[in-house]
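Notes for the structure review
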Amino acid sequence: MTERISDAEHAVMEVLWEESPLTAQEVAERVPAERDWSANTVKTLLGRLLAKSVIAHEEDGRRYRYRPLVDRADYVGGESRRFMDRLFGGKLTPLVAHLAERDAITDQDIAEIEALLKELKS
């Protein structure tokens, strides 16, 4: 994915990753209610995502059904890598240290990280 997607576009993508293909109206109905978006807003965002080639659409009578072209795991991987590259020189350790210094890591988080590291070593 060459062009980044906005937070608003990401909300639409989350809906499509959960279920697709969907019409614009169906996407609008599934976007979290706190967004308070009209169907026209969702159509605008779908148009932007089409222009960025991260979704595709197919005709279904007089309407379109939209589906993602980018896998969620691939998107998360790319965004995570960009985040670490931009803020932490591409290294995970400074990110974890930053979170730990600000008490953003719970005992449960530490236990899960330790279990993951143990699994990766074996």
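Residues numbered from 1 in each chain as written. Predicted model: local features only at pLDDT ≥ 70, side-chain atom pairs only at ≥ 80, totals over all residues. Heavy atoms only, no water.

With an unreviewed UniProt entry as reference, the protein is termed BlaI/MecI/CopY family transcriptional regulator, source organism Sphingomonas naasensis.

**Some points on the pairing of strand β1 (residues 55-60)**
Our working definition: If DSSP finds at least two bridges between two strands, the strands pair. Numbering goes from the N terminus for both helices and strands, where a helix is a DSSP run of H or I of at least four residues and a strand is a run of E of at least two.
Strand direction decides the pairing type here: β1 and strand β2 (residues 63-68), joined by six bridges, are antiparallel. By the bridge assignment for β2, Ala 56 is matched with Arg 67. The turn joining β1 and β2, which pair antiparallel and follow one another in sequence, is formed by two residues; a positive phi near 70° is taken by Gly 61.

**Quick look at the domain arrangement of the protein**
Cut-off, in case you're wondering: Domain ranges listed in this record stem from an automatic or a database domain assignment. Any two residues whose heavy atoms approach within 4.5 Å are treated as being in contact. Buried area is a sum: the accessible area each of two parts loses on coming together, probed at 1.4 Å, counted once for each and added. A pair is scored as a salt bridge if a Lys or Arg side-chain nitrogen falls within 4 Å of a carboxyl oxygen belonging to Asp or Glu. Any pair of N or O atoms that falls within 3.5 Å is considered a polar contact. Within protein, one atom must be able to donate a hydrogen and the other to accept it, and sequence-neighbouring residues count only if both atoms are side-chain atoms. Three residue categories are used. Nonpolar comprises Ala, Val, Leu, Ile, Met, Phe, Trp, Tyr, Cys and Pro, charged comprises Asp, Glu, Lys and Arg, and polar comprises the others, including Gly.
Domain annotation for the protein reports domain 1 (1-89) and domain 2 (91-121). Each of domain 1 and domain 2 was reduced to a C-alpha centroid, and the two centroids are 30 Å apart. On the side of domain 2, five residues touch domain 1, which itself brings four residues to the contact. Buried surface at the junction of domain 1 and domain 2, both sides included, amounts to about 430 Å², of which 73% is carbon and sulfur. Of all residues in domain 1, Met 84, Phe 88 and Gly 89 give up the largest surface area on contact with domain 2, accounting jointly for 90% of the area buried on that side. Where domain 1 meets domain 2, there are zero salt bridges. For the pair domain 1 and domain 2, the interface holds two residue pairs in polar contact (both at pLDDT 80 or more). Here the side of domain 1 that touches domain 2 is composed, by residue class, of three nonpolar, one polar and no charged.

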